[in-house]
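Observations on chain architecture
Given next are the chains, with one letter for each unit.
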Amino acid sequence: MSKRDETFDPLAEVERIRARRAEARRKLYRKSRLDKYRAELVAMKQAGASCADLAEWLRVSHRCKVNRSSIDRYLKKLPELTGAQAVTVEPEATMSKEDR
């Protein structure tokens, strides 16, 4: 069948274009340098280490130079810390009058 004999199907073309655009929009995951140390970073953060402490630990122990803010952004995306930090923070409104 030649190109001239084919009929133009606008709905099929629109679907093909939308599928191509959706594929281009999809975010690609890049592996972080911090993924190797994820368990240790989470454990030390839960133990009370600051992001500057974690950056120093990575630099001294693993020769991995990472900025403090990069560690902060990395840790904010982890589900282990988002759930754990929400549990540890208690609002004062839950305290009864007798406890005050």
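Since we're looking at a predicted model, the values are computed, not measured. (Residues numbered from 1 in each chain as written. Predicted model: local features only at pLDDT ≥ 70, side-chain atom pairs only at ≥ 80, totals over all residues. Heavy atoms only, no water.)

**Describing the layout of surface pockets**
Basically, it comes down to this: Here a cavity is any set of points on a 1 Å grid over the protein atoms alone where a 1.4 Å probe fits but cannot get out, and a pocket is any open set with protein on both sides within 12 Å along at least 5 of 7 lines; a residue lines the site when it has an atom within 4 Å of a point. Grid points are joined across faces, edges and corners, and a volume is the space filled by probe spheres set on the points. Here the term charged refers only to Asp, Glu, Lys and Arg, the term nonpolar to Ala, Val, Leu, Ile, Met, Phe, Trp, Tyr, Cys and Pro, and the term polar to all other amino acids, Gly among them.
When its volume is computed, the largest pocket comes out at roughly 400 Å³. Lining the largest pocket are 14 residues, and of these Y29, R30, S32, Y74 and K77 sit closest to its centre. Among the residues forming the lining of the largest pocket, the class breakdown is six nonpolar, two polar and six charged.

**Comments concerning the environment of L58**
Keep this limit in mind: Numbering of helices and strands runs from the N terminus, with a helix taken as a DSSP run of H or I at least four residues long and a strand as a DSSP run of E at least two residues long. In this description, contact between two residues means that some pair of their heavy atoms is separated by no more than 4.5 Å.
Assignment of secondary structure puts L58 in helix α3 (residues 51–62). Separated by 24 residues in the primary sequence, L58 and L34 have C-alpha atoms spaced 9.1 Å apart. Excluding residues that lie within four positions of it along the chain, L58 makes contacts with L34, Y37, L41, R63, C64 and I71.

**Some words on unusual backbone geometry**
Note the threshold: Categorising residues by exposure relies on relative accessible area from a 1.4 Å probe, with only protein chains included: less than 20% of the type maximum marks a residue as buried, more than 50% marks it as exposed, and the intermediate range marks it as partly exposed.
One non-glycine residue, R63, lies in the positive phi region at around 50 degrees. Within the secondary structure, R63 sits in the loop between α3 and α4 (68–76). Judged by its relative accessible area of 78%, R63 falls in the exposed class.

From the geometry alone we can't say anything about function, so treat these as descriptive.
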